[in-house]
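Listed below, chain by chain, are the residues.
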Amino acid sequence: MSGTGTTADDDPLQTAVWRLRSRACWADAAALLQPTTPAASLQRAALLVERCLYTEQGWEDAEDALRTAEAQAQSDDERGAAACERGQLAYAATLLGVRDRADEARAALGRAAALIAPGAPGRSLLDFRRGLLAENLARSPQAARAAYRRAHAGATAHDDPLLLSFTWRHLAGLALRDGELAEARHGFTESLRIREELGYLVGTAPALASLADAETDPEATRLRAEAARLFRLLGGVPTWLARQLTPPAATA
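This one's a predicted model, so the numbers in the text were calculated from it and none came from an experiment.

1. Concerning the pattern of salt bridges
And step 1. Per the stated rule, a full pass over the model turns up 21 salt bridges.
And step 2. Here R67 and E63 are joined by a salt bridge, their closest N and O atoms 4.0 Å apart. Of this pair, R67 and E63 are both found in helix α4 (residues 59–72), 4 residues apart, which corresponds to roughly one turn of the helix.
And step 3. Residue R67 is classed as partly exposed on the basis of its relative accessible area of 44%.
And step 4. Linking E63 and R86 is a salt bridge whose minimum nitrogen-to-oxygen distance equals 2.7 Å. Of the two residues, E63 is situated in helix α4 and R86 in helix α5 (residues 76–95); the sequence distance between them amounts to 23 residues. The pair E63 / R86 is uniform in exposure class, with both members buried.

See the structure below:
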């Protein structure tokens, strides 16, 4: 979930990986990375895990890449990062109804928390993912909000704008649930702004759709139409966005 590859001084390989990832070409991005070092293996696994969450496909490839990353990890930070990806993969499988792996997700993120030191760069991503579990599996918005806020503070401290776009969006979603429209609009707007600035195309349609949920017509209709255009441009990715973009059926 890091913004690696988004800045001008990054090396050509990371720039190419970022451009492919941001355009929903995760398999192509992963193919550029040779899993010969712990860092490369972890990045490759993270790309393929993200593909599962966005496309509901590629589960075996992600498992294979994750096993390689776990085997190569040497330091606590590397082992913690691999456990964090294991937790995310199990979370995605549970959320998308592939298989109930909620216990595995909790255990893996718990291992990651024991390995990644507070204040370390990987801690903010871990906090965010623990928030996802709290919100979407445990149905505990209070715990989710606390985790998202820790992740937001960590992403700010470590200058991780892509993660900030996620924390803004999910904090805004909780605000919208509580009827705090002004707070929700602000968070969704910040998330969209960051993603557009980064060129994170695959995340722009969800950001547009979320902002639409906090707006009224005609602005809401305009935002959803733009989200639908990007969604079609990327071949229907992320798959779960289709439900948010489909208008409710008319009642008799």
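2. What about the environment of N136?
And step 1. Structurally, the position occupied by N136 is in helix α7 (residues 121–136).
And step 2. Once the C-alpha coordinates of N136 and P38 are considered, the two residues, 98 residues apart in sequence, prove to be 31 Å apart.
And step 3. In contact with N136, other than residues within four places in its own chain, are Y91 and L95.
And step 4. Here Y91 takes part through its side chain, which lies 2.8 Å from a polar atom of the side chain of N136.

3. Considering unusual backbone geometry
And step 1. The amide bond that connects D217 to the next residue, P218, takes the cis arrangement and shows omega of 10°.
And step 2. Here P218 is to be found in the loop between α11 (201–213) and α12 (219–233).
And step 3. A cis amide bond, omega -5°, links V237 with the succeeding residue P238.
And step 4. Summarising the element assignment, P238 is placed in the loop between α12 and α13 (241–245).
And step 5. Its identity as a non-glycine residue notwithstanding, A24 has a phi of 70°, on the positive side.
And step 6. By secondary structure assignment, the location of A24 is in the loop between α1 (12–22) and α2 (26–31).
And step 7. Phi at R139 takes a positive value of approximately 55°, unusual for a residue other than glycine.
And step 8. Relative to the assigned elements, R139 resides in the loop between α7 and α8 (141–157).

Basis of the calculations
- Residues numbered from 1 in each chain as written.
- Predicted model: local features only at pLDDT ≥ 70, side-chain atom pairs only at ≥ 80, totals over all residues.
- Heavy atoms only, no water.
- Salt bridge = Lys/Arg side-chain N within 4 Å of Asp/Glu carboxyl O.
- Helix = DSSP H or I, 4+ residues; strand = E, 2+ residues; numbered from the N terminus.
- Buried < 20%, exposed > 50% of the residue type's maximum accessible area, 1.4 Å probe, protein only.
- Contact = heavy atoms within 4.5 Å.
- Polar contact = N/O pair within 3.5 Å; in protein donor to acceptor, adjacent residues only side chain to side chain.

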